[in-house]
Protein chains: 2
Amino acid sequence: MERVNMKKGRKIVVAVDESEESMHALSWCLSNLVSRSSNSTLILLYVKPSPIIYSQFDAKGFLFSGDVIAAMERYSSALVNSVMERAEAVFKNFSNPVNVEKVVRAGEAKDVICNTVETLEADTLVMGSHGYGLLKRVLLGSVSHHCAKYAKCPVVIVKHSPSN
Amino acid sequence: MERVNMKKGRKIVVAVDESEESMHALSWCLSNLVSRSSNSTLILLYVKPSPIIYSQFDAKGFLFSGDVIAAMERYSSALVNSVMERAEAVFKNFSNPVNVEKVVRAGEAKDVICNTVETLEADTLVMGSHGYGLLKRVLLGSVSHHCAKYAKCPVVIVKHSPSN
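If you're wondering where the values come from, they're calculated on a predicted model, not measured in any experiment.

Explain the packing of helix H1 (residues 20-34) of chain A against helix H1 (residues 20-34) of chain B to me, please; I cannot follow it from the model alone.
Between two packed helices, the angle of one axis relative to the other and the distance separating the axes together describe the packing. Running from N to C, H1 of chain A and H1 of chain B point in directions that differ by 105°, and their axes come no closer than 8 Å. Classified by the interaxial angle, the pair formed by H1 of chain A and H1 of chain B is roughly perpendicular. On H1 of chain B, the residues touching Trp-28, Asn-32 and Leu-33 of chain A of H1 of chain A are Trp-28, Asn-32 and Leu-33 of chain B. Partitioned by chemical class, the residues of the contact of H1 of chain A with H1 of chain B number four nonpolar, two polar and no charged.

For this particular structure, what's the right way to read the environment of Gly-107 of chain A?
All names here are of chain A. Tracing the backbone through its elements, the reader meets Gly-107 in the loop between strand E3 (99-106) and helix H3 (109-119). In this structure the C-alpha to C-alpha distance between Gly-107 and Val-47, which are 60 residues apart in sequence, comes to 6.7 Å. With residues near it in sequence (within four places) discarded, Gly-107 still touches Val-47, Lys-48, Pro-49, Ser-50 and Val-112.

Sorry if this is basic, but what is going on with the relation of the copies chain B and chain A here?
Note on the identical chains: chain B maps onto chain A by a rotation of 180° and an axial translation of 0.0 Å, with an RMSD of 0.0 Å. Look at the turn and shift together and you get a two-fold axis relating the two. Relative to the rotation axis, the closest C-alpha in chain B is found at Val-156 of chain B, a distance of 2.1 Å. Both copies share a contact surface, since 100% of the interface residues of chain B are interface residues in chain A too.

So what exactly am I meant to see when it comes to the interface of chain B and chain A here?
Interfaces are often sized by the amount of accessible area the parts lose when they come together. At the interface, 24 residues of chain B touch 24 residues of chain A. With both chains or domains summed, chain B and chain A bury close to 2,000 Å², and 51% of this area falls on carbon and sulfur atoms. In this structure, the connection of chain B to chain A is made through zero salt bridges. Between chain B and chain A we count 10 residue pairs in polar contact (both at pLDDT 80 or more) in total. Elements with a minimum of two residues in the side of chain B that touches chain A: H1, helix H4 (142-150) and strand E5 (155-158) of chain B. Broken down by class, the residue content of the side of chain B that touches chain A amounts to 12 nonpolar, seven polar and five charged. Bridge analysis of strand E5 (residues 155-158) of chain A against E5 of chain B gives three bridges, and the strand direction is antiparallel.

Reading the values: rules and limits
- Residues numbered from 1 in each chain as written.
- Chains lettered and ligands numbered in written order.
- Predicted model: local features only at pLDDT ≥ 70, side-chain atom pairs only at ≥ 80, totals over all residues.
- Heavy atoms only, no water.
- Axes fitted to C-alpha atoms, helices over the stretch in contact; angles between N-to-C directions.
- Helix = DSSP H or I, 4+ residues; strand = E, 2+ residues; numbered from the N terminus.
- Parallel < 35°, antiparallel > 145°, perpendicular 65-115°, else oblique.
- Contact = heavy atoms within 4.5 Å.
- Nonpolar A, V, L, I, M, F, W, Y, C, P; charged D, E, K, R; others polar.
- Least-squares fit on C-alpha atoms with pLDDT ≥ 70 in both.
- Buried area = accessible area lost by both parts, 1.4 Å probe.
- Salt bridge = Lys/Arg side-chain N within 4 Å of Asp/Glu carboxyl O.
- Polar contact = N/O pair within 3.5 Å; in protein donor to acceptor, adjacent residues only side chain to side chain.
- Pairing = 2+ DSSP bridges.

Now the structure itself:
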């Protein structure tokens, strides 16, 4: 995990994941929130499943072997890199200067996002309305709705549709 | 109802009501979304209950008289003026130029807000997380969560807390 600088200025957390929608949310954020202030810090937050979610039993009730767990860990890391690379590609389309930090946490997405926003004292949380589809995540949309309700800052929910 | 100009530019709908939180949402919008572009049009949307809601029966099952209904209409109009005056007071704290339009509609808040956003082809909807408490409105928070789910544009939900 990269360290988040606690310097003064507006802190905007963008929850990113494998979904196209989260990249659209990032793009919306860059167009609408970041460019107006060069003192903004944009924090890309990726939440991967807690290791415990896939380290216990497979579908037939057998314990996963160490090899399987290691492969899953590698897959998870590759996924983080892939998401962050896609995010960087989104940044390249915008010319406004912005400080970017990357944070990777593990756990239940909705709780981790709310906790991270609070810990970082973020000014705004931006996220897609769906997403968080890796492995056995929860029902569509429930992460964003949970965060809209419980995150301790303004929350922007960005849908990916032809109209926006 | 004042007519909304359909001129080109970013259209931001702010749902305002009697709540302190909706004024805070307006203030957040002015600080974070409007000032970056002088071509923004900010549309203040107030939704009052449909006349049918309070034109039928009182708590004892009797039909309201015409006088009572007329008094309620007057109260409702006074409330609209009061909310818009409060909104104007919020504007006075901001120096950035912004085009402002006022729209008053009647009906179920969550449906009217979503429909208005769609009709106006708004770019963003901003609202408080609570509010809409006039007469017998629905459960706290359900309006904003409904809009976050169904409005056809990015939705910003702004909570009023000491931290934002």
